[in-house]
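An overview of the molecular structure
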Amino acid sequence: MAHGNAGYGACTRASRWLAALLVLAVAAMPPLVGSARAPQPVPALDPAATSAQLLGAAERYRELAKDWQPMAEGEALQAGDRDKRVVQLRRLLKLYGDYTGLPGPVTVAATDSQRFDSALEEAVERYQRRHGLHPNGIVAADTLAELAVPPTERARQLELNAKRWKKLSLPREGRYLFINVPEYQLQLVEKGMVTLRMKTVVGKTSSRTPTLRTRVTNVVFNPTWTVPRSILLTDMLPKARNNPEAMHKRGYRVVNYGSGNAVPISADGLARAAGGDATLRQVSGPGNTLGRVKFVMPNRQSIYLHDTQAQSLFELHERAFSHGCVRLQHPEELAYALLRPQGWDRPRVAQATTGDEPLNIRIERPPRLFITYLTAWVDANGRPHFRRDIYHHDTDSAATN
């Protein structure tokens, strides 16, 4: 039996060694299409210029209101359909500038105005991208709801956001992180250029991600997760009481306040946690709720950026599911970008994420972080973009001042 165990240990060590080599090889590969890194850096939006553009767009939308008419109610529309409402749809998208006629060297009008043709499908996709919808070219309930918003309401939204942009004071030099909650996106800006962007998951309506101005000071690889008391009481304690063995397998332990000792889950330990004398903590590892990377920034709300096990959420267009912290689609890329000036390369980042012990690295020049709430902006082509007001700040005068 002793020889068998020794052989098993050797195989395990060999497997781990091969796994580490594989991680390093993958990390050294060129980026895949669709990764966080942009092929070419693009200029970051300037707050003052964007504010002025939004006010100009608001004036145009008030003018559009004179010719605007809502679509009649009805079923979804898609390419190939023939319907009287297609005429209304084409007229609306032409009014907003998304429909430009059939493709070709000269703009050609549709031969059958009631036919949902390819040009109209492209216009719908253009409109959907500007409004944060899935660009599938199908005019279903979500797209119909956006089309039903009057231009006067859009003008008010543009003016509200012009005020928000005007209040922003972003660095012109150096680097900073910019997260727009309703856009579900993080950007890394270096010397005025967006060098990295990725999708985010933000707080749900009941646990909103706050607006913040702080700095990212540390990168923690293989973090532990100490459960906040609000989540402990509403979510984790009921699960632990119902199935303590499953919670133990997932790496949760009871941590006593004062001593800091971590002990296995027990009825007595859960009672202490319920009474405020202890909490639950999840150990480091591949199943940790925070994933393999966490980014620390000083703030009173205990908000941080982190990896996540729920990667499928990034396939959704609206991603308000967290308890307030911001989950990142490509945290390793952000770790590399922030630690690169300190001599870190991608293989080193990949190696740091393979362990089971926390590794806390201080960022020598911590970049500023801006978590904002902006439901409208103007892109590089002068086209206004809108996002859904997930926290109802646009209708809350106190939140917009």
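Residues numbered from 1 in each chain as written. Predicted model: local features only at pLDDT ≥ 70, side-chain atom pairs only at ≥ 80, totals over all residues. Heavy atoms only, no water.

By size, the foremost hydrophobic cluster in this structure holds 54 residues, and its most contacted members are Leu186, Phe221, Met236, Leu280, Phe295, Leu305 and Leu334. For this core, the element with the most residues is helix α10 (residues 331-339), which contributes 6 residues. Beyond its immediate chain neighbours, meaning those up to four positions away, Met236 contacts Trp225, Val227, Ile231, Met247, Tyr252 and Leu280. (Core = buried A, V, L, I, M, F, W, Y, C linked by side-chain atoms within 4.5 Å. Buried < 20%, exposed > 50% of the residue type's maximum accessible area, 1.4 Å probe, protein only. Helix = DSSP H or I, 4+ residues; strand = E, 2+ residues; numbered from the N terminus. Contact = heavy atoms within 4.5 Å.)

What follows concerns the pairing of strand β11 (residues 293-296). Along any regular strand, the residues point their side chains to alternate faces of the sheet. Examined bridge by bridge, strand β6 (residues 218-221) and β11 share 4 bridges and lie antiparallel to one another. When the bridges of β11 are listed, Val219 appears paired with Phe295. Here β11 runs beside strand β12 (residues 305-306); their pairing, made up of 2 bridges, is antiparallel. Within β12, the residue paired with Phe295 across the bridge is Leu305. (Pairing = 2+ DSSP bridges.)

Let us now look at the sheet that holds strand β7 (residues 225-226). Across a sheet, strands are paired by hydrogen bonds formed along the backbone, either parallel or antiparallel in direction. With antiparallel pairing, the 4 strands of this open sheet are ordered in space as β7-β10-β8-β9. Taken across any chain shown, the strands that pair with only one partner, and hence form the sheet edges, are β7 and β9 (262-263). Pairing between β7 and strand β10 (residues 278-282): 2 bridges, direction antiparallel. Residue Thr226 lies in a different strand from β10, and its bridge partner there is Arg281. Packed onto the sheet, helix α7 (residues 229-242) meets β7, β8 (252-256) and β10 and runs at close to 75° relative to β10. Each of β8, β9 and β10 is contacted by helix α9 (residues 267-274), which is oriented at about 110° to β10, the strand it contacts most. (Axes fitted to C-alpha atoms, helices over the stretch in contact; angles between N-to-C directions.)

Located in the positive-phi region is Ser302, a residue other than glycine, with phi close to 60°. Position of Ser302 among the secondary structure elements: in the loop between β11 and β12. Look at Ser302 and you get exposed, because its relative accessible area is 53%. Not every positive phi belongs to a glycine, and His392 is a case in point at roughly 60°. With respect to the secondary-structure elements, His392 resides in the loop between β18 (384-386) and α12 (397-400).

Here we come to the packing of helix α2 (residues 47-64) against helix α6 (residues 151-167). The description of two packed helices rests on the angle between their axes and on the distance between the axes. One way to put it is that α2 packs onto α6 with a least axis distance of 8 Å and a crossing angle of 165°. As the angle between them shows, α2 and α6 are arranged roughly antiparallel. Along this stretch, α2 crosses α6, giving a crossing that reads as left-handed. Residue-level inspection shows Pro47, Thr50, Ser51, Leu54, Leu55, Ala57, Ala58, Tyr61, Arg62 and Leu64 of α2 in contact with α6, the latter providing Pro151, Thr152, Arg154, Ala155, Arg156, Leu158, Glu159, Asn161, Ala162, Trp165 and Lys166. When its residues are assigned to classes, the contact of α2 with α6 shows 12 nonpolar, 4 polar and 5 charged. (Parallel < 35°, antiparallel > 145°, perpendicular 65-115°, else oblique. Left-handed = near helix turned anticlockwise from the far one by under 90°. Nonpolar A, V, L, I, M, F, W, Y, C, P; charged D, E, K, R; others polar.)

So, on to the pairing of β8. Within β8, 4 of the 5 residues are buried, which leaves the element mostly enclosed by the surrounding structure. Where β8 meets β10, 5 bridges bridge the pair, whose relative direction is antiparallel. When the bridges of β10 are listed, Val255 appears paired with Thr279. As defined by bridge partners, β8 adjoins β9 across 2 bridges and the pair is classed as antiparallel. Counted as the bridge partner of Val255 is Ala262 from β9.

Let's shift gears to the packing of α7 against α9. Where α7 meets α9, the closest approach of the two axes is 10 Å, and the angle between their N-to-C directions is 160°. By the angle class used here, α7 and α9 are roughly antiparallel. Two packed elements cross with a definite hand, and for α7 against α9 that hand is left-handed. Within the contact between the two elements, α7 uses Arg229, Leu232, Leu233, Leu237, Ala240 and Arg241 and α9 uses Leu270, Ala273 and Ala274. Split by residue class, the contact of α7 with α9 holds 7 nonpolar, no polar and 2 charged.

Before going further, it helps to examine the confidence of the model for the protein. The predicted model of the protein averages 89 in pLDDT, with 87% of residues at 70 or higher. Within the model, the stretch residues 1-34 combines pLDDT values under 50 with 10 contacts to residues more than four positions away or in other chains. (pLDDT = per-residue confidence, 0-100.)

Turning to helix α3 (residues 84-95), a few remarks are in order. Between its first and last C-alpha, α3 extends 18 Å over 12 residues, near the 16 Å set by a 1.5 Å rise per residue. Of the positions making up α3, those classed as buried are Arg85, Val86, Leu89, Arg90, Leu92 and Leu93. The buried residues of α3 occupy one face: seen down the axis, they fall within an arc of 165°. Facing away from the buried side of α3, by more than 90 degrees, are the exposed residues Lys84 and Lys94. Looking at the packing, one finds that the buried side of α3 touches α4 (118-130) and α5 (141-147). Gly97 occupies a position one or two residues after α3 and carries a positive phi of about 90°. (Expected span 1.5 Å × (residues − 1). Arc of directions from axis to C-beta.)

With 17 residues, α6 should cover 24 Å at 1.5 Å per step; its first-to-last C-alpha distance of 25 Å lies within 8% of that length. Taken as a whole, α6 has its buried residues at Pro151, Arg154, Ala155, Gln157, Leu158, Leu160, Asn161, Ala162, Arg164 and Trp165.

Below, the discussion takes up the pattern of salt bridges. The full count for this structure, using the stated rule, is 16 salt bridges. The salt bridge involving Asp112 is made with Arg82; its shortest N-O contact spans 3.0 Å. Of this pair, Asp112 sits in the loop between α3 and α4 while Arg82 is found in the loop between α2 and α3, placing the two residues 30 residues apart along the sequence. Judged by relative accessible area, Asp112 falls into the partly exposed class, the value being 26%. Taking relative accessible area as the criterion, Arg82 reaches 53% and is therefore assigned exposed. Arg346 is paired through a salt bridge with Glu333; the nearest N and O atoms lie 3.1 Å apart. On the criterion of sequence distance, the pair formed by Arg346 in helix α11 (residues 346-352) and Glu333 in helix α10 is long-range, its members being 13 residues apart. (Salt bridge = Lys/Arg side-chain N within 4 Å of Asp/Glu carboxyl O.)

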